[in-house]
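What the coordinates show
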Amino acid sequence: MAAAARRGIKPKIKPPRKLGPEFSAEDTWAKLSRNIVEIQNHNAANLSYEENHRFAYNMVLYKHGETLYKGTCQLIANHLDKLASEEIIPVFPAGSSDDPVQRSQAGETLLKALRKVWDDHISSLSKLRDVLAYMDRVYTKTANVPEIWDAGLQLFVKHIIKPPIEDHVISAALTQIQTERDGYVINRSAVKGCVDVLLQLHDPHDDSTIYKRDLEPAVLRESEMFYKLEGERLLETCDAPEFLRRIEERFTQEDSRVHHFLSSSTAAPLRRIMEENLISPHLSTIISMPNSGLDVMIDLDKFDDLSRLYSLFIMVPAGLPSLKKALRETIVRRGKDINASGDIADAEDMPEEEFEANRAKGKAKARPTNTGSQTLQLALKWVQDVLDLKDKFDQLWSRSFRSDRELESSMNEAFETFINLNEKSPEFISLSIDDNLKRGLKGKSDAEMDTILDKTITVFRYVTDKDVFERYYKGHLAKRLLLGRSVSDDAERGMLAKLKVECGYQFTQKLEGMFHDMKISADTMQAYRAHLAKTTAPDVEISVTVMTSTFWPMSHSAATCTFPEMLIKASKSFEQFYLSRHSGRRLTWQPSLGNADVRVSFNSRKHDLNVSTFALVILLLFEDMPDGEFLTYEEIKAATSIPDGELQRNLQSLACAKYKVLKKHPPGRDVNPTDSFSFNADFSAPLQKIKISTIASRVENNDERKETKDRIDEERRHQTEACIVRIMKDRKHMTHNDLINEVTRQLASRFQPDPLNIKKRIEGLIDREYLERCPDRKSYNYLA
Amino acid sequence: MSTDKDNDWVRLISADGYSFLVRRHVACRSGTLKNMLSMESSFSEAVSNTCTMKDERGAVVERLCEYLQFKAIYDNGSLKKEELPDFTERLAPEVALELLMAADYYEC
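What you see is a predicted model; the values in this text were computed from it and never measured.

What counts as what
Just so you know, the residues in each chain are numbered from 1, in the order the chain's sequence is written. Both sets of labels track the order of writing: A upward for chains, 1 upward for ligands. Local features in this predicted model are restricted to residues whose pLDDT is 70 or higher, and side-chain atom pairs enter the listing and the counts only when it is 80 or higher, whereas totals over whole chains, interfaces and linings include all residues. The basis for every side-chain value is the complete set of heavy atoms in the structure, and neither hydrogens nor water enter the calculation. Numbering of helices and strands starts at the N terminus; helices are DSSP runs of H or I of at least 4 residues and strands are runs of E of at least 2. When a residue's accessible area, from a 1.4 Å probe over protein chains only, is under 20% of the maximum for its type it is buried; when over 50% it is exposed; and in between it is partly exposed. Residues count as neighbours in contact if any of their non-hydrogen atoms are within 4.5 Å of one another. Computed with the Shrake-Rupley method and a 1.4 Å probe, the accessible areas treat only the protein chains shown as cover for residues. Here a strand pair is declared whenever DSSP counts at least two bridges between the two strands. Under this scheme, a helix contributes an axis fitted over its contacting stretch, all axes are lines through C-alpha atoms, and angles between N-to-C directions fall in the 0 to 180 degree range. Confidence scores here are pLDDT values: one per residue, from the predictor, ranging 0 to 100. Put simply, a salt bridge is a Lys or Arg side-chain nitrogen that is within 4 Å of an Asp or Glu carboxyl oxygen.

Digging into the overall build of chain B
A tally of regular secondary structure across chain B gives six helices and three strands. Start at the N end of chain B and walk to the C end: the helices and strands fall as α-β-β-α-α-α-β-α-α. Expressed as a percentage of the 108 residues in chain B, the buried residues total 39%. If you take every contact in chain B between residues at least 6 apart in sequence, the share linking residues at least 24 apart comes to 60%. Just so you have it, chain B exposes about 5800 Å², and 52% of that area is on carbon and sulfur atoms.

Details of the sheet that holds strand β8 (residues 771–773) of chain A
All names here are of chain A. One open sheet accounts for three strands, arranged β7-β9-β8; its pairing is antiparallel. The sheet is open, and its two edges are formed by β7 (733–735) and β8, each paired on a single side. Sheet twist, expressed as the mean angle between neighbouring strand axes with direction ignored, is 25 degrees. Alignment of β8 against strand β9 (residues 779–782), held across three bridges, turns out to be antiparallel. The residue bridging Arg773 from the neighbouring strand is Tyr780, located in β9. Contacts from helix α30 (residues 736–747) reach β7 and β9, with the element oriented near 95 degrees to β7. Against the sheet, helix α31 (residues 755–767) makes contact with β8 and β9, and its axis sits at roughly 105 degrees relative to β8, the strand it touches most.

Here's the deal with the confidence of the model for chain A
All names here are of chain A. On average, residues of chain A carry a pLDDT of 81, and 90% of them reach 70 or more. Taken as a whole, residues 1–7 scores under 50 in pLDDT and shows five contacts with residues more than four places along the chain or in a different chain. pLDDT under 50 marks residues 345–371. Its contacts with residues more than four places away, or in other chains, come to 57 contacts.

Description of the pattern of salt bridges
When charged atoms on two side chains of opposite charge get close, those side chains can pair. All names here are of chain A. Inspection of every chain in the model, using the stated rule, returns 59 salt bridges over all chains. Arg181 serves as the salt-bridge partner of Glu254, at 2.6 Å between the closest nitrogen and oxygen. Taken together, the positions of Glu254 in helix α11 (residues 240–261) and Arg181 in helix α8 (residues 165–181) put the pair 73 residues apart, joining distant regions of the chain. One salt bridge in this structure joins Lys324 and Glu406, with 2.9 Å as the shortest N-O distance. With a gap of 82 residues between them, Lys324 in helix α16 (residues 319–347) and Glu406 in helix α19 (residues 405–421) connect regions that are remote in the sequence. Overlapping salt bridges, with partners in common, bring together Glu242, Arg245, Arg246, Glu248, Asp305 and Arg308 in one network.

Structure, rendered in structure tokens:
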């Protein structure tokens, strides 16, 4: 007592005033209990808190806590019983009424009554808690009983939440939910009031709420039954989009129901019930529903329905896989249809010449009889159809399927499947690019051109046999370059860059070499012309493209012919010039790839004809002949030594096409070895310049295709061997399986190698002593 | 709104008739007074904003008010325990026991 010591006065401590013997527990309790009843009857305002608190305080202080506690509980219990019989029992629904509105109203009244009793109870309980605060603070702790508030709640459970009241309440709540599900309006706040009460009450034995214990299971049970039937009912009465719409509506409704008047803890199990009963069992039925299933929705571009389908399907685990499967199937089916429409043309492969002749007119539009051109059209159509299909599904994917990655990959798989099912797809794609670069892109902006090419590249990406594509592309590119048919050099280079990105440097190396040759040739020609200016030029002006034989695809089929004198002079002149600049090179002339401008005098006027080099050679035979003289096919052949195929083709375009520069005897569309020809001096045409016969790109016929295939197979053999040697040189020793895997992996960017073929190549290499088999018979050594 | 309510005055009347005016939020530092003045329960004290402390002398009620004020100012965690001013100096021995009883009763 530092303070006291400092003051130096002995403090006098007065004892607190004692309660006299006048305290009597019975009296106090009698007064207090009277007041508690008053409180329960809403008359608290007339009572003094201080007084009642003091009563309770005194009772606890003088060891009458137990009397106080038990007495209070008894009063609460009595009050609850009274409320139950006054408020709840009278509003029990009277029997089963059939009218849903009436039933729902009865239920609502009951729920409201429960809520009213609860509110009443809580209000008096909170006052009692205030008054008995001292008891809670001191007595309950030592006596190990719940505080008066908790005791009050437990009493509520015991006296109100019990049969038959509880049963009636739960069935009333269920009726309300069912009424709403049936499309009627209910008083949601009544249900919510009741649910709130049940959420605040706990089971006396464990910690779960009464809601969780009694109401939730009932709701779930009821929902399961309802939705099981609902799902089947809807499936019978609705088409797929309508079904999905209804289901989605159900989901939103239940969501709002849970949100507004049930506990959020119910959301998950309720949702699961809906998923299990409305979606899971019906997945395949929805997808394959006749006249309204997935296929039809896709056909009709029902983006909203499809996005609904997607969002519902991803809710359940089996949903996405089944959607993936269905998508794959529908894409492959559509793809096969596209393939099939392309195959029809295959059956009617026809003579190339006629097609050539048609192209000679410089018109893309084909006559109905011209199936060759139709084949080209079919190729273009095939690519366009594939692109359209891809567009359609891309749009679907981004608009309806929220750009789902899994779906994307299965869609890609499907595209890959059907595109590779069509063995002509690499050729078709190359043809389409060829067509675009030759004429399709005319008058289009760079950006448009880029998108078109990009799209084609996306189709190309699906092709596994990239080397086949390369072969065709090379052929088409060569023709474009040599005939100057390309619309724009930028576009060509753009395409090349895209291919480089897709397949790497190796893939485009030769293609780039071709471009390089073109450029070098242009330079060479400039130098040659300068050179000619200084010396005497030959009669015929020539333009030469020097092609590196390894880069260009056509060096193998070198059809030659006997040049007339003036052409020999011209070519010799260039040869001399070229070899003087580059010693040690060999030039081979490829007349089959060239063309010539020649001025021909007919009776009426002169015309500038653009013809192939072969046609020029043929025409020159007629130059000095008198009118009306004939040359037989055999004579022409002997004079020019052009191979039969080329000769027939060129004669046909000169004599049987739109511009008949030569007359054939007898007339007819096909050229036979027995025919003879004469110069058509009466020829007339409205145009000064006439283009006759160009080597146009077209779909290969079966023989050509077989040849291409053989060449590809051969190339693949070389590539496979090179790859094996490359790997073995690096590793020295490898097991058979590892080697096969590695080779497959490395070649995959170009084509899909067959393990059997790899094995054959390995054997070949062993024979040639590049490799040796190890004693274990399972692995190989590299022999340097 | 709540600050207005917290700032209004309530009257505490001692057994011997002294009347003390304190802010509501100060009075509510005592659990018992808080319950007494609770608007939810609305006992007569809450209705009249007047608490009759009929077992305590004026001197005791005065100390009680002082302490509640002290608590209202300092009991907010802003100061450490050793920095708090010493309240025991104000406790006269004469009223100590009565105060002890009152503190228990009024839960402060």
